[in-house]
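Structural characterization, general
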Amino acid sequence: MLKNTLTIKFFLGGYVSLAAGTSDSVSFLSSPVFNTHTYEWKCLRFWYLIHVSDHIIMGWFKATLLVLLDDKKTNQTRLLLIANELTHSVRYMQMPLPRNFTNVQVFISFSF
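Below: a short report on this structure.

Criteria and cut-off values
Residues numbered from 1 in each chain as written. Predicted model: local features only at pLDDT ≥ 70, side-chain atom pairs only at ≥ 80, totals over all residues. Heavy atoms only, no water. Helix = DSSP H or I, 4+ residues; strand = E, 2+ residues; numbered from the N terminus. Polar contact = N/O pair within 3.5 Å; in protein donor to acceptor, adjacent residues only side chain to side chain. Contact = heavy atoms within 4.5 Å. Salt bridge = Lys/Arg side-chain N within 4 Å of Asp/Glu carboxyl O. Buried < 20%, exposed > 50% of the residue type's maximum accessible area, 1.4 Å probe, protein only. Core = buried A, V, L, I, M, F, W, Y, C linked by side-chain atoms within 4.5 Å.

Attention now moves to the side chain of Thr 36. Tracing the backbone through its elements, the reader meets Thr 36 in the loop between strand E4 (34–35) and strand E5 (43–51). Only 3.0 Å separates the side chain of Thr 36 from the backbone oxygen of Phe 101, close enough to count as a polar contact. When residues no more than four places from it in sequence are discounted, the contact partners of Thr 36 are Trp 41, Leu 97, Phe 101, Thr 102 and Val 104.

With that out of the way, let us pick up the pattern of salt bridges. Enumeration over the complete set of coordinates arrives at one salt bridge. Among the salt bridges present, the one from Asp 70 reaches Lys 72, with a minimum N-O distance of 2.8 Å. The class of Asp 70 is buried, set by a relative accessible area of 10%. A relative accessible area of 42% means that Lys 72 is categorised as partly exposed.

If you look at the biggest cluster of nonpolar residues, it comprises 23 residues, and the most contacted ones within it are Leu 44, Phe 46, Tyr 48, Val 67 and Leu 81. Among the elements of the structure, E5, strand E6 (64–71), strand E7 (76–83), strand E8 (91–96) and strand E9 (103–111) are those that each provide at least two residues to this core.

For Asn 75, which is not glycine, the phi torsion reads 60 degrees and is therefore positive. Relative to the helices and strands, Asn 75 resides in the loop between E6 and E7.

Below is the structure:
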């Protein structure tokens, strides 16, 4: 695993790592736009790990994970999750998707 990374595990056994870069930089990934009613999606589930190398002093390292849901039909954005603490193990998240959001795109960003 890369040093100073956020790792997100997906259902089918894969994962993606958003690596730390320079100070004040942001890494992100996004889903394609999809219709929650067509696919009968009612929640968003994922696992994440915010990890730093052992040589970094934990006291000054600050990381923020944001999960946003953007409704393309109404042009509304909703914050689903904000996490800004280092994790010592993988964390599982399950969040309900708003029923009034239909054509949506999920954005996950990691900044430090």
